[in-house]
Amino acid sequence: MEKNMNVVFIMTDQQRADVIGENRHPCADFPNMEQLKRESVSFANFFTAASPCVPSRHTFLTGRQPWRNGVSGNRKFSTEGETTWMQLLREYGYRCVSVGKTHMVHAGSFHIPVPVGKSFGEQDGWNHFNPEASPESDDNYYDIHVARRACDALERLNDTEPFAMFIGFHAPHEPYVMPEKYLDFCKPEDVPLPANRSADEYETKSEAYRRRRDLFKNMFGDMTEGKMRKGIAGHFCLLKMVDDCLGMINDKLNEKNLLENTLIVFASDHGELLGEHNLFNKAATAYESEIRVPFMIRYPDGFKAGENITGLASSIDFVPTLFNIMGLEPDVTLPGHSLVPSIEAGREVRDYVTLADGDGTMGIRTREHKLWYNANLKDGEMYDLINDPDEMTNLYNHKDFKELRSELVELMLHARMVDDDRDNLPTRREKLLHDEVKSSYEPEVV
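Residues numbered from 1 in each chain as written. Predicted model: local features only at pLDDT ≥ 70, side-chain atom pairs only at ≥ 80, totals over all residues. Heavy atoms only, no water.

With an unreviewed UniProt entry as reference, the protein chain is termed Choline-sulfatase, source organism Virgibacillus oceani.

1. Quick look at the environment of I167
Cut-off, in case you're wondering: Strands are runs of DSSP state E lasting at least 2 residues, helices are runs of H or I lasting at least 4, and numbering of each runs from the N terminus. Any pair of residues with heavy atoms lying within 4.5 Å of one another is described as a contacting pair.
Within the fold, I167 resides in strand β6 (residues 163–168). The spatial distance from the C-alpha of I167 to the C-alpha of V349 is 28 Å, given a sequence separation of 182 residues. When residues no more than four places from it in sequence are discounted, the contact partners of I167 are V8, F9, I10, M11, V99, V146, A150 and I249.

2. Section: the pairing of strand β13 (residues 369–374)
Along any regular strand, the residues point their side chains to alternate faces of the sheet. Short version of the rule: Remark: exposure states derive from per-residue accessible area (1.4 Å probe, protein chains only) relative to the maximum for the residue type, with buried under 20%, exposed over 50%, and partly exposed in between. One bridge is not enough; two strands pair if DSSP finds at least two bridges between them.
For β13, a buried count of five out of six residues is recorded, marking the element as mostly surrounded by other parts of the structure. Pairing analysis gives five bridges linking strand β12 (residues 361–366) to β13, with the strands arranged antiparallel. From the neighbouring strand, G363 faces β13, where its bridge partner is W372. Counting the residues in the hairpin turn of β12 and β13 gives two residues.

3. A few points about the nonpolar core
The nonpolar side chains of a soluble globular protein tend to be buried with one another. Note the cut-off: To qualify as a nonpolar core, a set must consist of buried Ala, Val, Leu, Ile, Met, Phe, Trp, Tyr and Cys residues joined through side-chain atoms within 4.5 Å.
In terms of nonpolar packing, the biggest core is built from 57 residues, with I10, M165, I167, F236 and I249 touching the most fellow members. Elements represented by at least two residues in this core include exactly β1 (6–12), α1 (31–38), β3 (95–100), α5 (142–157), β6, α7 (207–220), α8 (225–255) and β8 (262–268). Counting residues per element, this core draws most heavily on α8, at 13 residues. By size, the runner-up hydrophobic cluster in this structure holds 39 residues, among which are V319, L334, V340 and I343.

4. Section: the pattern of salt bridges
The cut-off we apply is this: For this analysis, a salt bridge means a side-chain nitrogen from Lys or Arg found within 4 Å of a carboxyl oxygen belonging to Asp or Glu.
Across all of its chains, the model carries 27 salt bridges by this definition. Here D18 and R16 are joined by a salt bridge, their closest N and O atoms 2.7 Å apart. A single salt-bridge network, built from bridges that share partners, covers D13, R57, K101 and D269.

5. Digging into the packing of aromatic side chains
Cut-off, in case you're wondering: Planes of paired rings set the category: under 30 degrees apart is stacked, over 60 is edge-to-face and the rest tilted, where pairs are Phe, Tyr or Trp rings (Trp by its six-membered ring) whose centres lie within 6.5 Å.
Taken as a whole and judged by the stated rule, the model has 22 aromatic pairs. Pairing W372 with Y383 gives two aromatic rings, centres 6.1 Å apart and planes at 40 degrees, and the pair type is tilted. With W372 in strand β13 and Y383 in strand β14 (residues 379–384), this pair connects stretches of sequence that are 11 residues apart. Its relative accessible area of 0% is what places Y383 among the buried residues. Here the aromatic residues F9, F43, F46, F60, W85, F166, F295 and F318 are joined through ring pairs into a cluster of three or more.

6. Description of α5
Stated precisely, the cut-off is as follows: By definition here, a helix of n residues has an expected span of 1.5 Å times n minus one.
When the terminal C-alpha atoms of α5 are compared, their 22 Å separation across 16 residues agrees well with the 22 Å that a helix rising 1.5 Å per residue should span. The set of residues buried in α5 consists of Y142, D143, I144, H145, V146, A147, A150, C151, A153, L154 and L157. Buried residues along α5 sit in contact with β1, β3, β4 (110–112), β6 and α8.

Shown next, in the form of structure tokens:
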């Protein structure tokens, strides 16, 4: 792959993996996303290493685990001293810009701000249940404005020097306030309700689960089927807008003949429950719809277009994968694994992925099982994903599965130690520094 190809990374906020592809959600009908999937290599089992928005974006941009970045929840933002892939690309002569929603992760890029204006009216960021028309004009609605500013930047960056661009959309994150023309895309009466929910879950799941259920009840009342249908419909209405914005960007790339020399990456920071387990939102638990996200890479030459990789992959794998594809070797050490062997030869590079949230939770997911533990609440959940893919039967406190729980806890500890060790390997610069120190005959150095 050419070392001077451009990079465009497009990130949505709170988009599930099952809205794209053959087995997509019944409400999903997004032609631009589907076209991108046909032109890309995609990953069916790609997981965010951190489910809240801010730490997830940090893991995608730095390639480091949230506990290493010092950003494990949405209460903390960029930390000093972090290195992002855009920062590293600048060392190779790239011009790097970010547009739209980044959650303050601008290290290594020039941020093109987009005003929110009146886009979301008077609603706050938790309301899933009251879709309404935005008082802002369509052109100045936040996400449409993001797409327009990104297209303007592509116009200006279109010359002989390579560039990298991060484009961050707010949608389909709540509140479900949007241009009026999108409100009828998905009607509540046409929405199927999720099957994986039960009244018994309040008693059988974790304390974190019960607290999130209580929070939503205090804020919005009982989770009725009508409310649930409104929330699901609003989510897909916003995704229709995202799909149109993706079309705008693709048209501009095509117009400027950039598709032939631009690597396009599409992902979301985390997923959304959409009524599953009688919950909306994310991060209080670690169910599949929260942590499994879309991830696609479109090669300029169409390499592996339309292929679907089924091996486990994590958001911390993006940075080493990017540089492997580009043929670059920046002087950094990272815990993640390049996914290029999976792309080129179908070889699985992972036996597990780690999970984290912003409230003291860490978890592990293998092909067959999943466990997460909340240190603050001293409680957790564990699932047999083969026999219980809907995650309805919590095995965490089941006496017959104590051995499995111990094995997964030990694997979780192993995973964290291994990743931290990989992250602490000396760089080329540090090895040279060690040789300099050795020259002094300092005790215990030679």
